[in-house]
Amino acid sequence: QLQLVESGGGLVQPGGSLRLSCAASRFTLDDYAIGWFRQAPGKEREGVSCISRSGGRTKYADSVKGRFTIFRDVAKRTVFLQMNSLKPEDTAVYYCAADPAVQVACMMRPLVYDSWGQGTQVTVSS
């Protein structure tokens, strides 16, 4: 299992931007799919974005399409989530997770991921 640590969260005004980082103990392009998830108080954890093991396929929740971008730097063992045009409803604890399963595309369901970070708080408020 990977050890994952999220960072980059904070307080931002609506319309602002944040870049979240997910630092992994190790990975290569073919080792893991990486997903970003979020959970707001009283709500279920939901998929935000993911990137396939190859790095060639990505998915986004409808609520963030056009605003968020997932990418990774294998050399730095880090996956990023660039969040632009943030909205108050984006407020949540954001988690990254790793899926070792062999798949062409990544999955957006939390249950398929084996390794999780501890989360970073994102608050979008004026």
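See above for the structure.
About the thresholds
- Here, residues in each chain are numbered from 1, in the same order as that chain's written sequence.
- Only residues with pLDDT of at least 70 get local features here, since the model is predicted, and only at 80 or more are side-chain atom pairs given and counted; chain-wide, interface and lining totals rely on the full set of residues.
- Excluding hydrogens and water, the side-chain figures rest on all heavy atoms present in the structure.
- The helix count covers DSSP runs of H or I at least four residues long, the strand count covers runs of E at least two residues long, and both are numbered beginning at the N terminus.
- Between the two quantities, the radius of gyration covers C-alpha atoms and the globule rule is 2.2 Å times the number of residues to the power 0.38.
- For the exposure calls, accessible area comes from a 1.4 Å probe over protein chains only, and a residue counts as buried if that area is under 20% of its type's maximum, exposed if over 50%, partly exposed in between.
- Only the protein chains shown count as covering a residue, and every accessible area follows the Shrake-Rupley method with a 1.4 Å probe.
- A residue counts as positive if it is Lys or Arg and as negative if it is Asp or Glu; His and the chain ends are not included.
- For the purpose of locating charges, the reference atoms are NZ of Lys, CZ of Arg, CG of Asp and CD of Glu.
- Working definition: a ring pair exists when centres of Phe, Tyr or Trp rings (six-membered ring for Trp) sit within 6.5 Å. Plane angles under 30 degrees give stacked, over 60 give edge-to-face, the rest tilted.
- Only a pair of cysteine sulfur atoms within 2.5 Å qualifies as a disulfide here.

Draft legend 1. Representation of the overall build of the chain within the structure. If you tally the helices and strands in the chain, you get zero helices and eleven strands. Starting at the N terminus, the α and β elements of the chain follow one another as β-β-β-β-β-β-β-β-β-β-β. Rg of the C-alpha trace for the chain: 13 Å, near the compact-globule value of 14 Å for 126 residues, within the 12% margin. Projected onto the principal axes, the alpha-carbon positions of the chain cover approximately 40 × 25 × 25 Å. Expressed as a percentage of its 126 residues, the buried residues of the chain come to 43%. Of the roughly 6400 Å² of accessible surface on the chain, 49% is carried by carbon and sulfur atoms. One finds the centroid of the 15 positive side-chain charges in the chain at a distance of 3 Å from the centroid of its 11 negative side-chain charges.

Draft legend 2. How the structure looks around the packing of aromatic side chains. Overall, the coordinates contain five aromatic pairs when judged by the stated rule. Measuring from centroid to centroid gives 5.0 Å for Phe 37 and Tyr 113, while their planes differ by 75°, and the two rings are edge-to-face. Separated by 76 residues along the polypeptide, Phe 37 in strand β4 (residues 33-39) and Tyr 113 in the loop between β9 (92-99) and β10 (115-116) bring together distant segments of the chain. On the accessibility criterion, Phe 37 (0% relative accessible area) is buried.

Draft legend 3. Just the environment of Pro 41, in detail. Along the chain, Pro 41 turns up in the loop between β4 and β5 (46-51). Looking at Pro 41, the relative accessible area reads 76%, which means it is exposed. Placed 50 residues apart in sequence, Pro 41 and Thr 91 show a C-alpha to C-alpha distance of 9.3 Å.

Draft legend 4. Quick look at the state of the cysteines. Following the criterion strictly, the structure yields two disulfides and no others. Put simply, Cys 22 and Cys 96 are joined by a disulfide, and their sulfur atoms are 2.0 Å apart. Between Cys 22 and Cys 96 the disulfide shows an S-S torsion of about 75°. By sign, it is right-handed. Residue Cys 22 is found in strand β3 (residues 18-24), and its partner Cys 96 is found in strand β9; the two are separated by 74 residues along the sequence. Taken as a pair, Cys 22 and Cys 96 share a single burial class, namely buried. Bridging Cys 50 to Cys 106, the disulfide has an S-S length of 1.9 Å. Where Cys 50 bonds to Cys 106 through sulfur, the torsion about that S-S bond is close to 75°, and the disulfide is right-handed.

Everything listed here is a matter of geometry and, on its own, says nothing about what the molecule does.
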